[in-house]
Amino acid sequence: MKKPPTPREPSARLTQKVTFKNVQPEKDLLLVIAYALLENKNNPGFYSPTIIDLDVFPVYECILARDRRMYQSNGGWFGQFETPTILSKQGKRKKKTHKPIDYSTYGRKEKEGKDLNENTNFGKLNRIPYAPLENYIQQKNFTKFFYKN
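The rules we used
Residues numbered from 1 in each chain as written. Predicted model: local features only at pLDDT ≥ 70, side-chain atom pairs only at ≥ 80, totals over all residues. Heavy atoms only, no water. Phe/Tyr/Trp six-rings, centres within 6.5 Å; stacked < 30°, edge-to-face > 60°. Helix = DSSP H or I, 4+ residues; strand = E, 2+ residues; numbered from the N terminus. Buried < 20%, exposed > 50% of the residue type's maximum accessible area, 1.4 Å probe, protein only. Salt bridge = Lys/Arg side-chain N within 4 Å of Asp/Glu carboxyl O. Pairing = 2+ DSSP bridges. Axes fitted to C-alpha atoms, helices over the stretch in contact; angles between N-to-C directions. Contact = heavy atoms within 4.5 Å.

Chemist: Looking at this structure, how should I read the packing of aromatic side chains?
Modeler: To describe a pair of aromatic rings, you give the distance between the ring centres and the angle between the ring planes. Evaluation of the coordinates by the stated rule reveals four aromatic pairs. Where F78 meets Y106, the ring centres are 4.8 Å apart and the plane angle is 65°; that geometry is what we call edge-to-face. In this pair, F78 is assigned in strand β3 (residues 76–78) and Y106 in the loop between α2 (89–96) and β5 (116–118), connecting sequence segments 28 residues apart. The partly exposed category is assigned to Y106, whose relative accessible area is 22%.

Chemist: Please explain the pattern of salt bridges as it appears in this structure.
Modeler: Between side chains of opposite charge, a pair can form as their charged atoms come close. Applying the stated rule across the entire model yields three salt bridges. For D115, the salt bridge identified is with K94, shortest N-O distance 2.8 Å. With D115 in the loop between α2 and β5 and K94 in helix α2, this residue pair connects regions lying 21 residues apart in the sequence. Here D115 falls in the buried class, since its relative accessible area comes to 3%. For K94, a relative accessible area of 24% gives the class partly exposed. Measuring nitrogen to oxygen at the nearest pair gives 2.8 Å for the salt bridge that ties E118 to R108. Taken together, the residues span a long stretch of sequence, with E118 in strand β5 and R108 in the loop between α2 and β5 at a distance of ten residues.

Chemist: What is the right way to look at the sheet that holds β5 in this model?
Modeler: Each strand in a sheet pairs with its neighbour through backbone hydrogen bonds, running either in the same direction (parallel) or in the opposite one (antiparallel). Spatial ordering of the open sheet is given by β3-β4-β5, a layout of three strands whose pairing is antiparallel. Either end of the sheet is taken by a strand with one partner, and the two such strands are β3 and β5. Along the sheet, successive strands turn relative to each other by an average axial angle of 50°, direction set aside. In this structure, β3 lies alongside strand β4 (residues 83–87), joined through three bridges in antiparallel fashion. Across the sheet, residue G76 finds its bridge partner in β4, namely T85. Where helix α1 (residues 59–72) meets the sheet, its contacts fall on β3 and β4, and the angle it forms with β3 comes to roughly 95°.

By themselves, these observations are geometric and do not establish any function.
And the structure:
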């Protein structure tokens, strides 16, 4: 396999479709499963996806933290919880020079010249500042599965 030119981060997400509009705080949970390709004990030389750990989190608390982070970085929801947005490079320059941000429209790409862009990294689990989730997904919690004693 070809190595990517830049470092990659895990891409598991709490998607933009999961919002306050459709979550029941007292019932809904987020199940996070960690898996790895491990050698199959019954078939040496073959590797299978294997669940190595799991945990459950209150989804309401996770979306609250996810959305709070978006608002704190001057982004927000466009429409009725339809599209998450963040400041574009142009929007950041305007903010830095205390010029007003145009929150009436957004672009999908930077080259469209809007103050807001669609947030394509929205909801990545490792970017959600909910302490129990942050503690769980730390890489150090999973390295023990890959080293033999």
